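Chain by chain, the residues run as shown.
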Amino acid sequence: MVSKEEIETKIQTNVPELYQFIVTDISGGCGQSFDIVVVSNSFLGKNKLQRSRLVNKILKDEIAQIHAFSCKCYTEAEWSKIVV
């Protein structure tokens, strides 16, 4: 089972220029489905696929152990337009 804390730690230590992140266990606590938002300026100049691949590579081992995974990646400027 993958814990929310494991995913948070991996993101905190491996995503460059990390501004904010949100990890939500949407499986009711059993660690099988996660919704993740990552905000970092390291995504500047990258399209959605490139951004997702960066996060997927970081969480490769965790993703292999879970059933469902959703990740949205934003730059700080993009995030500031969403969260007002």
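Residues numbered from 1 in each chain as written. Predicted model: local features only at pLDDT ≥ 70, side-chain atom pairs only at ≥ 80, totals over all residues. Heavy atoms only, no water.

Next up on the list: the side chain of Glu62. Looking at the element boundaries, Glu62 is found in helix 3 (residues 60-63). There is a polar contact of 3.2 Å between the side chain of Glu62 and the side chain of Lys10. Those residues in contact with Glu62 that sit more than four places away from it in its chain are Val2, Ile7 and Lys10. (Helix = DSSP H or I, 4+ residues; strand = E, 2+ residues; numbered from the N terminus. Polar contact = N/O pair within 3.5 Å; in protein donor to acceptor, adjacent residues only side chain to side chain. Contact = heavy atoms within 4.5 Å.)

Side chains that carry opposite charge are capable of pairing whenever their charged atoms lie near each other. A complete count under the given rule lists four salt bridges for this structure. With a shortest N-O distance of 3.6 Å, Asp35 and Lys72 are connected by a salt bridge. Separated by 37 residues along the polypeptide, Asp35 in strand 2 (residues 33-40) and Lys72 in strand 3 (residues 68-74) bring together distant segments of the chain. On the basis of relative accessible area, Asp35 is assigned to the partly exposed category, the value being 25%. Classification of Lys72 as partly exposed rests on a relative accessible area of 37%. (Salt bridge = Lys/Arg side-chain N within 4 Å of Asp/Glu carboxyl O. Buried < 20%, exposed > 50% of the residue type's maximum accessible area, 1.4 Å probe, protein only.)

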